[in-house]
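# Architecture and fold: a report
Okay, here's what each chain looks like letter by letter:
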Amino acid sequence: MKIIVPVKRVIDFNVKARVKADGSGVELQNVKMSMNPFDEIAVEEAIRLKEAGGVDEIIIVSIGPNQAQETIRTALAMGGDRGILVETGETVEPISVAKIIKAIVEEEKPELVILGKQAIDDDCNQTGQMLAALLNWPQGTFASEVKVADGSVNVTREIDGGLETVKLTLPAVVTTDLRLNEPRYASLPNIMKAKRKEIITKSTDDYGVDITPRLTQLKVEEPAKRTAGVKVENVAELLEKLKGEGVLS
Amino acid sequence: MSVLVLAEHDNASLKDATLNAVTAALAIDSDVHVLVAGHNCGDAAAAAQAVDGVSKVLVSDAEQYAHPLAEAITPLLLSLEANYSAFVAPATTTGKNVMPRLAALLDVAQVSDIISVESPDTFKRPIYAGNAIQTVQSSDAKKVITVRTTGFAPAGSGGSAELVNVDAQAGSDNSSFVSAELSKSDRPELTSAKIIVSGGRGMGSGENFALIEAVADKLGAGVGASRAAVDAGFVPNDYQVGQTGKIVAPDLYIAVGISGAIQHLAGMKDSKIIVAINKDEDAPIFQIADYGLVADLFDVLPELDKAL
Ligand SMILES: Cc1cc2nc3c(=O)[nH]c(=O)nc-3n(C[C@H](O)[C@H](O)[C@H](O)COP(=O)(O)OP(=O)(O)OC[C@H]3O[C@@H](n4cnc5c(N)ncnc54)[C@H](O)[C@@H]3O)c2cc1C
Ligand SMILES: Nc1ncnc2c1ncn2[C@@H]1O[C@H](COP(=O)(O)O)[C@@H](O)[C@H]1O
């Protein structure tokens, strides 16, 4: 079977985002960009399934600026087989991303699409569920374990009260949570090999998807700042302060 | 038109997160209905009837809703679509799982995790792990919204909403519930606890969390953790506080042996009072803590336990 893994280029998770002075957005000039951490986990899971047998090809898809090629290249160096870049200028909302991926799914006919549960820039947590809805496929979101069996997949999900396992008939959509696996680093030979792997570039028109945003961003501001308080010397002083605040009786 | 809130419940009782979602819904429109989809869920529905400000409770009681599978609940929401201008759910793992599926079928852009309603079509929401707050205006005719519970006060009780039964809808049979492993605890749930004591990698082991639990029990507090503590297997995944775990805002948050990574702060920095206990005086957590105690947690926790 084939697996498609959509990967998003986002601000590196170690960088603290800074709001632009004019309130028009977040500063992305000269900021380190990387693959969305959940998408690395998605790529890793696809590779592990391939290594376990039964998977012929892993297709990496990214929708974004030209530089998203680098993100695809990173996924190919980890072990993806080929890439599709859908080049866009502006921000593309999850509903539009889902429509583009749906069009690619209809062309490529994978049995599994593995996405991250959430992009750490927009923190939307929508795309996988939307894709599943548009395809009328079942969804296993926030996965911490994925077991593919004959024609179906069992997904253990991280839910608020603990863990839940669902059984999905293939084809299906899975979104990854942090504990699904620990992504590998690409080895130097694999990085070299990835340079020769194919990445084709497409436009949204190729898929007939209108990506006009539905949400207008009116402004972006900094959250209320917290400042460092005081250091206390010992437990007794701490308790006295907390009683003073009225949070302990 | 009215707003429909998808209730979060376990059939026997209504989860508190529903109350925060009702408050957000009331800021969008004064006519708020609640949908309870479940199995043998009469008690949850009765609890929803008593929520202040709710005019109608729709109940769909059927076996296929025993577990809130997105593939089952979405067709039910869609069948009610004509009567509502907005669909709201708390941003719990159920809400996050179901609502985007509905949004896609309605062809609308969901607004995730709102923390305020500026007007019926304009909302504030955190992005970049809460390092920025975005104000967005939706041009979609119908709104699909998830609500960050810490952004809204819980609705009170004393209401007496009308109860209406609605027909279950056929879902697809390509997904089914297999099993669940739910953590059982007598401690308050993280998202509604007034006090939370959280432990990080500094706790060193799962056994050592007993030190945190002892203090938490004296305070009537919930117990949380950093991702590192969950990854290390000290505690179950549902303890995780942060960007990708639970978002909490108690009156008092005590972080023990937690360094204060951006992703952890994203889940707790709106707490009223933050206390940090860490042996490293340069730990970033001290930059946002109201009270910091630079000390070894293995000395401090037993002392706290004794003093309380
Ligand atoms: C995409 C993504 C999402 C993430 N989401 C989350 C999230 O939701 N929540 C989350 O928490 N993390 C999240 N993380 C992980 C986060 O980046 C940090 O790795 C994590 O929060 C660190 O946990 P910690 O503070 O317990 O561990 P550490 O950073 O290792 O800190 C341990 C602290 O304990 C102190 N300590 C050690 N021994 C003692 C002692 N005896 N007495 C007192 N103090 C002691 C140390 O001084 C240190 O400050 C995420 C990461 C990524 C990439
Ligand atoms: N522009 C994009 N290109 C490729 N994949 C994307 C894009 N946006 C979102 N995704 C995928 O959808 C997941 C969830 O994103 P979101 O719904 O934006 O939080 C990500 O982890 C990616 O796997």
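Preceding this section is the structure that the text describes.
Here the focus is the packing of aromatic side chains. A full pass over the atoms with the stated rule returns 2 aromatic pairs over all chains. Aromatic pair Phe209(B) and Phe234(B): ring centres 6.4 Å apart, planes at 55 degrees, arrangement tilted. Separated by 25 residues along the polypeptide, Phe209(B) in helix α5 (residues 209-219) and Phe234(B) in the loop between α6 (227-231) and β14 (252-256) bring together distant segments of the chain. Sitting above the plane of the Phe142(A) ring, Lys117(A) keeps its charged end 5.6 Å from the centroid. Lying across the ring of Phe286(B), Lys231(A) places its NZ or CZ 4.6 Å from the centre.

A few words now on unusual backbone geometry. Residue Pro171(A) follows Leu170(A) across a cis peptide bond; omega there is 0 degrees. Along the chain, Pro171(A) falls in the loop between β9 (162-169) and β10 (172-176). In this model, Asn11(B) sits at a positive phi of 75 degrees, which is unusual for a non-glycine residue. Considering the arrangement of structural elements, one finds Asn11(B) in the loop between β1 (2-6) and α1 (16-28).

So, about the sheet that holds strand β7 (residues 122-127) of chain B. Here we have 4 strands laid out as an open sheet, ordered β12(A)-β8(B)-β7(B)-β6(B), and antiparallel in their pairing. Of all strands in the sheet, those with a lone pairing partner are β12 (215-221) of chain A together with β6 (116-119) of chain B, marking the two edges. Sheet twist, expressed as the mean angle between neighbouring strand axes with direction ignored, is 30 degrees.

Near ligand 1 there are 29 residues, and of these Arg201(B), Ser226(B), Val241(B), Ser259(B) and Asn278(B) occur at the shortest range. Taken together, the residues near ligand 1 originate from chains A and B. Contacts to ligand 1 include Gly245(B), whose backbone N or O atom sits 3.4 Å from an oxygen atom. Asn278(B) has a polar side-chain atom sitting 2.7 Å from an oxygen atom of ligand 1. In the complex, the protein chains occlude 85% of the 1,000 Å² of accessible area that ligand 1 would expose alone.

Residue and element names in this part refer to chain A. Taken together, 19 residues are adjacent to ligand 2, and Asp39, Ile63, Ala119, Asn125 and Thr127 come closest. Within the backbone of Gly116, a nitrogen or oxygen atom sits 3.0 Å from an oxygen atom of ligand 2. Within the side chain of Thr127, an N or O atom sits 2.7 Å from an oxygen atom of ligand 2. When ligand 2 sits alone it has 480 Å² of accessible area, and the protein chains cover 98% of it. Mapped onto the shell around ligand 2, the elements with two or more residues apiece are β4 (57-64), α3 (94-108) and β6 (112-116). Per-element accounting of the shell around ligand 2 gives the leading share, 3 residues, to β4. When the residues that make up the shell around ligand 2 are grouped by side-chain class, the tally is 9 nonpolar, 7 polar and 3 charged.

Thresholds applied
Residues numbered from 1 in each chain as written. Chains lettered and ligands numbered in written order. Predicted model: local features only at pLDDT ≥ 70, side-chain atom pairs only at ≥ 80, totals over all residues. Heavy atoms only, no water. Phe/Tyr/Trp six-rings, centres within 6.5 Å; stacked < 30°, edge-to-face > 60°. Helix = DSSP H or I, 4+ residues; strand = E, 2+ residues; numbered from the N terminus. Lys NZ or Arg CZ within 6 Å of the ring centre and 35° of its normal. Pairing = 2+ DSSP bridges. Axes fitted to C-alpha atoms, helices over the stretch in contact; angles between N-to-C directions. Near = heavy atom within 4 Å. Polar contact = N/O pair within 3.5 Å; in protein donor to acceptor, adjacent residues only side chain to side chain. Areas by Shrake-Rupley, 256 points an atom, 1.4 Å probe, with all protein chains shown as cover. Nonpolar A, V, L, I, M, F, W, Y, C, P; charged D, E, K, R; others polar.

These figures come from the coordinates and say nothing about function on their own.
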